[in-house]
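Per-entry structural report
Below are the chains, spelled out letter by letter.
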Amino acid sequence: MTVTLDPAVKELLARSAPSEAPAGPLTAPELRAAFAASWRRPESVEEVASVTDRVLPSGVRVRIYLPETAEPVPAFAWIHGGGWTIGSIDENEVASRAVCNAAKVAVVAVDYRLAPEHPYPAAPDDCYAVVDWLATGGAGPAVDGTRIAIGGESAGGNLSTVVSMMSRDRGGPPLAAQVLICPVYGHPDDGFRSYADFAEGFGMTAGAMRFFFEQYVSDPAQLNDPYLLPLRADDLTGLPPALVLTAEYDVLRDEGEEFARRLTDAGTHVEMTRYSGQIHGFYGLYTDLPASPRSHRHVASFLTRVFDRRVQSSGGGRPDRVLG
């Protein structure tokens, strides 16, 4: 296998160990603390009109980023990654602000409960509660609760699709789109080649993903639940249009691309891009990488087209695919 990493990614991997991967016999709280300590807010971030933290009646905390505009704006519910176990709304400040301004949307970052203290299904329940809250006008008059998209990175991509499925199945709020960045849709034992090819040395490891599943899943029978792993679903019809971004050197690459194909086969409009030379976390975590702001603009462009109704709600054939 020939490896052609982006030079900036190669430098990143050379100078620091990946912050996501467990090192030694760390517990989830210890790993969470180490990850939080390693994260530094960038010295400069884009200014937005306002940033407000709110706590929903359900107890879920959200952070709302609003752009400069006099009109109510669509909502983009954003779900952070971290294997359902680590991370918070703080780590995606750069991406949230960039998308808020470029797409003229209210980015609503979700601080869902983390495993193992709160295993499945706590996380999807929290995220669904936020979408329901948005749809009932909970964010106030500046946010148009009739226009909602959802998105996330890694475990957040998983939760975005799960909430889309929950909303479809429960007759819940209609979602305009889902943005799925390096998403988790299968299990490490599912046999995807990217798990073998990129198991070590590319940031997120196969061992880290196993660790995260051990935290999130309290009963092995849950691994057959489509609300935990959407690749287990028999029916993927009726889901919102999707933007799927994968990283070339990521253990999760193949399952994300397989899910994009399955969504397309089910009649959903899908736009898929594999970011060449990139690793897991290029979008929201490693924002110094040149590909990171490019991916923020990519997401903003997609959302702009979605809310301008220039992205169709369904379509057959193959997913639109660009190797970027």
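Before any of the text, the structure's been laid out above.
Report on the accompanying structure.

Conventions adopted
- Residues numbered from 1 in each chain as written.
- Predicted model: local features only at pLDDT ≥ 70, side-chain atom pairs only at ≥ 80, totals over all residues.
- Heavy atoms only, no water.
- Phe/Tyr/Trp six-rings, centres within 6.5 Å; stacked < 30°, edge-to-face > 60°.
- Buried < 20%, exposed > 50% of the residue type's maximum accessible area, 1.4 Å probe, protein only.
- Helix = DSSP H or I, 4+ residues; strand = E, 2+ residues; numbered from the N terminus.
- Lys NZ or Arg CZ within 6 Å of the ring centre and 35° of its normal.
- Core = buried A, V, L, I, M, F, W, Y, C linked by side-chain atoms within 4.5 Å.
- Contact = heavy atoms within 4.5 Å.
- Expected span 1.5 Å × (residues − 1).

The full count for this structure, using the stated rule, is 11 aromatic pairs. Geometrically, the ring pair formed by Phe76 and Trp78 is tilted, given 5.9 Å between the ring centres and 55° between the ring planes. Exposure class is identical for Phe76 and Trp78. Each is buried. Ring plane angle 5° and centroid distance 4.1 Å describe the contact between Trp84 and Tyr216, whose orientation is recorded as stacked. Here Tyr216 lies in helix α7 (residues 206–216) and Trp84 lies in the loop between β3 (73–79) and α3 (93–103), a separation of 132 residues in the sequence. Exposure class is identical for Trp84 and Tyr216. Each is buried. One aromatic cluster is present, formed by Trp84, Tyr120, Phe213 and Tyr216 through successive ring pairs. Above the plane of the ring of Tyr128 lies Arg170, whose end atom (NZ or CZ) is 4.9 Å from the centre.

By size, the foremost hydrophobic cluster in this structure holds 94 residues, and its most contacted members are Phe76, Leu134, Val299 and Leu303. Beyond its immediate stretch of four places on either side in the chain, Leu303 contacts Phe76, Val99, Ala103, Ala149 and Val179.

This part takes up helix α4 (residues 122–135). Helix length check: α4, at 14 residues, gives a terminal C-alpha distance of 20 Å against a target of 20 Å (1.5 Å per residue), a fit within 8%. The element α4 is largely enclosed, with a buried count of 10 among its 14 residues. Of the residues making up α4, those classed as buried are Ala122, Ala123, Pro124, Asp126, Cys127, Tyr128, Val130, Val131, Trp133 and Leu134. Once α4 ends, the next one or two residues include Gly137, with phi positive near 85°.

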